[in-house]
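Observations on chain architecture
Residues per chain, in single letters:
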Amino acid sequence: AQKITQTQPGMFVQEKEAVTLDCTYDTSDPSYGLFWYKQPSSGEMIFLIYQGSYDQQNATEGRYSLNFQKARKSANLVISASQLGDSAMYFCAMREELSGNTPLVFGKGTRLSVIA
Amino acid sequence: DSGVTQTPKHLITATGQRVTLRCSPRSGDLSVYWYQQSLDQGLQFLIQYYNGEERAKGNILERFSAQQFPDLHSELNLSSLELGDSALYFCASSGPIGILGGTGELFFGEGSRLTVL
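Attention in this report is confined to the structure presented alongside it. Predicted model, so just to flag it, every value in this text is computed and none were measured. (Residues numbered from 1 in each chain as written. Chains lettered and ligands numbered in written order. Predicted model: local features only at pLDDT ≥ 70, side-chain atom pairs only at ≥ 80, totals over all residues. Heavy atoms only, no water.)

**Examining the state of the cysteines**
Should the sulfur atoms of two cysteines be covalently bonded, the bond is a disulfide. Residues and elements named next belong to chain A. Taken as a whole, this structure holds two disulfides over all chains when the rule is applied. Paired through a disulfide, cysteine 23 and cysteine 92 show a sulfur-sulfur distance of 2.0 Å. The disulfide joining cysteine 23 to cysteine 92 has a torsion of about -60° about its S-S bond and is therefore left-handed. Of the two residues, cysteine 23 sits in the loop between strand S3 (19-21) and strand S4 (24-25) while cysteine 92 sits in strand S10 (residues 88-96), which places them 69 residues apart along the sequence. Judged by relative accessible area, cysteine 23 falls into the buried class, the value being 1%. Among the residues examined, cysteine 92 registers a relative accessible area of 0% and is labelled buried. (Disulfide = S-S within 2.5 Å. Helix = DSSP H or I, 4+ residues; strand = E, 2+ residues; numbered from the N terminus. Buried < 20%, exposed > 50% of the residue type's maximum accessible area, 1.4 Å probe, protein only.)

**Things to note about the pattern of salt bridges**
Residues and elements named next belong to chain B. Scanning all chains against the criterion turns up six salt bridges over all chains. Two residues, lysine 9 and glutamate 110, come together in a salt bridge whose shortest N-O distance is 3.5 Å. Remark: glutamate 110 occurs in the loop between strand S10 (107-108) and strand S11 (112-116) and lysine 9 occurs in the loop between strand S1 (5-7) and strand S2 (10-13); sequence separation between them is 101 residues. Under the relative-accessibility criterion, glutamate 110 is labelled exposed at 51%. (Salt bridge = Lys/Arg side-chain N within 4 Å of Asp/Glu carboxyl O.)

**What about the side chain of Gln37(B)?**
Its location among the elements puts Gln37(B) in strand S4 (residues 31-37). For Gln37(B), a relative accessible area of 9% gives the class buried. For Gln37(B), the side chain forms a polar contact with the side chain of Gln39(A), separated by 2.8 Å. The contacts of Gln37(B), once residues within four sequence positions are left out, are Gln39(A), Phe91(A), Gly42(B), Leu43(B), Ala87(B), Leu88(B) and Phe90(B). (Polar contact = N/O pair within 3.5 Å; in protein donor to acceptor, adjacent residues only side chain to side chain. Contact = heavy atoms within 4.5 Å.)

If you want it as structure tokens, here you go:
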């Protein structure tokens, strides 16, 4: 079974609008972390935001926020006020067993295109 | 700049050949991870080292091997290369997790793009 599922292969959003990228995860570990990364066309992986399973509040980092619904096992990324530079691939990832530096498992990604 | 250095950035070689990809983690990071990203695919975890020891193994082929040296740099060796090995190979490092550490996010190098002809 896939640990991380991103059901939207591609998304379009108008500049200055908000967009939500979906991510669901599967784990039986009570201690885990969820990450979002951005990969522009240049190829580098850029860390955006993190949510721990025990965090009470949804994480926010500038225009990025994470809509964390633990019971539904979803961790959707919300980008507000989209900019042309937000056009990229976005990957959701999870780490189980937070006490150790275990590897991140990545979803297949969502390609976001911001339209002027 | 993530602080993770990968060389070479680009590599073109022929089927059957062997290549070595090199990675220097961020200063102080003990964990090194290798990932493979094929065209328009997500990142597939290959292998992880922690302070010189193999920590976790993912979908790494037997033709591939890796090691982490005492100075913490790591090398990924790919042998008997096939066309399907063409991909972007990422190295990443992470610091400690928890109260005294951070969230444990991975810091990625710029990747080594391997093309097998």
